[in-house]
Amino acid sequence: MDQFRIRGGAPLRGEMEASGSKNATLPMLAASLLAEGPCRLRGVPRLQDIYTILDLLEGFGVRHEWRGGRELLLDPSGARTGTAPYNLVRTMRASVMVLGPLVTRFGRARVSLPGGCAIGARPIDQHIKGLEAMGAGIRLETGYIEARAERLRGARISFDLITVTGTKNLMMAAALAEGVTVLENAAREPEVVSLAALLNQMGARVKGAGTPIIEVEGVRSLRGFEVEVPPDRIETGTLMIAGAITRGDVTVRRCVPAHVDALTLRLREAGLDVTEGEDWVRVRSEGAIRPVNVRTAPYPGFPTDLQAQFMALMTLAEGACAVTETIFENRFMHAAELGRMGARIGLDGRTAHVEGVPALQGAVVMATDLRASASLVLAGLAARGETVVRRVYHLDRGYESLETRLRSIGADIQRVAE
Ligand code: EPU
């Protein structure tokens, strides 16, 4: 197991490009199961979760080949249905996104139930409810979902809560269904919009992605696709906070500033100077960090995937604030670890009360999930002395060579084997 050793205190200064988005790439790869021709993706991040879904796709007969590091060619000509096994789904919940494509294209699918995860129970009842409304027969047996349907039928589906993966799964299922599907209370995340654009390129008829109502008119077949993966808005936000927390000056290029608006707004409230152009954002620190309350919400609200990183910043604010998590019920595991570095955080249900301190001290801390790990790295960059972040494999799931990128803008951070 690797760990990071960080010597904190240096302001980060410089610029870098955003990587391709993991959470946009995963559904695009799942969509290859719908395609009748070859698919090509450029700008694919080299992350464990991407390898996991490629393994899963191999099991369903979709062959892949890497070209020149970040380009991925997929050949779905031998695609078939099968089982998404527990040992893969367990390591990555997003695997459940093969369910919609498999059942709509091949009439049946068997996918392991994902089980709980570190940040919450994360059920998939909304995916199941949607597929049932479209006429699928669903059986839950020995930890597996078995779905069957001759051909799915369009239906009106109203989500009880906003689900990103649920919206993507049903959008893909509806693309080959008979008739029109209407998804109400749909997720509006940029990754939903990029998937809809991809499906339309394949010949699907999807309207309204990016709004709460998505309409999909099913077609008989879908073509292959060619796509450039959009930039990762959560990585962008994490790097912006790295500039802020180290009192530095960081520019992220090749990003979509509108996708990090909710963060930009809060950083400005906190006293940071944030400027942006068409495809870049720059964060400069101008003295004290002011406390700012945040409450996570589905897009375009403040992303749960930046809550931990923002909390790290607030531990150094001049005053107290409240950070409220409304999406996942157990996404505060970084709070106790930040506490080991001198942060003052009191938890009260879904709200963390953060009282800013003048400085954090380096300590040995443990990463528990992807975004919590990022918050510990950020805290380490700002802390006095040495911080050791253990179990960085969590971080590697969602950030490609974060330490190399941070080093390029002045961070003192090393990866060492534990
Ligand atoms: N939920 C249900 N029933 C369902 C589906 C979801 O109760 O059928 C609940 C979940 O338990 C959760 C809430 O609804 O409390 C939102 O879950 P959602 O389905 O939107 O999350 P997800 O699609 O599983 C994606 C991202 C997450 C990100 C969330 C929220 C991917 C692969 N994952 O998860 O990303 O936090 O949306 O924006 O796109 C990460 O990258 O670190 C990460 C966890």
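Scroll up to find the structure this text is about.
Residues numbered from 1 in each chain as written. Predicted model: local features only at pLDDT ≥ 70, side-chain atom pairs only at ≥ 80, totals over all residues. Heavy atoms only, no water.

Visitor: Would you take a moment to explain unusual backbone geometry for this structure?
Guide: A negative phi angle is the norm for most residues apart from glycine, just as the trans form is the norm for most peptide bonds. Following Y299, the chain continues into P300 via a peptide bond in cis, with omega recorded as 10°. By the secondary structure assignment, P300 is in the loop between β18 (294–295) and α10 (307–314). Non-glycine residue N185 carries a positive phi angle of around 60°. Along the chain, the position of N185 falls in the loop between β11 (180–184) and α7 (190–201). (Helix = DSSP H or I, 4+ residues; strand = E, 2+ residues; numbered from the N terminus.)

Visitor: Whenever I open this one, the sheet that holds strand β12 (residues 205–207) confuses me. Can you help?
Guide: Two pairing modes exist for strands in a sheet, parallel and antiparallel, and in both the strands are linked by backbone hydrogen bonds. Strand order in the open sheet formed by four strands is β10-β11-β13-β12, with mixed pairing between adjacent strands. Of all strands in the sheet, those bounded by a partner on one side alone are β10 (156–158) and β12. Across this sheet, the average inter-strand angle for adjacent strands is 15°, counted without regard to direction. Here β11 runs beside strand β13 (residues 213–217); their pairing, made up of five bridges, is antiparallel. Among the inter-strand pairings, V182 is bridged to a residue of β13, identified as E215. (Pairing = 2+ DSSP bridges. Axes fitted to C-alpha atoms, helices over the stretch in contact; angles between N-to-C directions.)

Visitor: How should I be thinking about the packing of helix α8 (residues 233–245) against α10 in this particular structure?
Guide: Where α8 contacts α10, the axes come no closer than 10 Å and their chain directions differ by 5°. Regarding the angle of α8 to α10, the classification is roughly parallel. Judged by residue contacts, I234, T238, I241, A244 and I245 of α8 engage Q309, F310, A312 and L313 from α10. In the contact of α8 with α10, the residues fall into seven nonpolar, two polar and no charged. (Parallel < 35°, antiparallel > 145°, perpendicular 65-115°, else oblique. Contact = heavy atoms within 4.5 Å. Nonpolar A, V, L, I, M, F, W, Y, C, P; charged D, E, K, R; others polar.)

Visitor: Just to check I follow, could you spell out the sheet that holds strand β24 (residues 412–417) for this structure?
Guide: Reading across from one edge, β22-β23-β1-β24 is the order of the four strands in this open sheet, with mixed pairing throughout. Two strands bound the open sheet, and with one partner strand each, they are β22 (364–366) and β24. The sheet shows a mean angle of 25° between the axes of neighbouring strands, taken without regard to direction. Of the pairings in the sheet, the one linking strand β1 (residues 2–7) to strand β23 (residues 386–390) comprises four bridges and is antiparallel in character. Considered in β23, the bridge of I6 is made with T387. Along the sheet, helix α12 (residues 370–382) contacts β1, β22, β23 and β24; its crossing angle with β1, the most-contacted strand, is approximately 30°.

Visitor: Whenever I open this one, the pairing of β11 confuses me. Can you help?
Guide: Within a regular strand, the side chains alternate between the two sheet faces. Extensive coverage of β11 is indicated by the burial of four of its five residues. Relative to β11, β10 is paired through three bridges, and the arrangement is parallel. The residue of β11 that forms the bridge with I157 is L183. Between the parallel pair β10 and β11, the chain is carried across by helix α6 (residues 164–175), and the sense of this crossover is right-handed. (Buried < 20%, exposed > 50% of the residue type's maximum accessible area, 1.4 Å probe, protein only. Right-handed = clockwise from strand over helix to strand, strands pointing away.)

Visitor: Would you mind showing me how to read the environment of C39 here?
Guide: One can find C39 in strand β3 (residues 39–42). Residues C39 and H64 lie 25 residues apart in sequence; the distance between their C-alpha atoms is 9.4 Å. Ignoring any residue separated from it by four or fewer positions in sequence, one finds C39 in contact with S32, L72, L73, L74, P76, G224 and F225.

Visitor: Explanation requested: the packing of α6 against α7 in the structure shown.
Guide: The axes of two packed helices give the description: the angle between them and the distance between them. Two numbers describe how α6 lies on α7: the axes approach to 10 Å, and their chain directions differ by 10°. One element, α6, and the other, α7, form an angle in the roughly parallel class. Of the residues in α7, those touching α6 at V164, T167, K168, M171 and M172 are E191, V192, L195, A196 and L199. By residue class, the composition of the contact of α6 with α7 is seven nonpolar, one polar and two charged.

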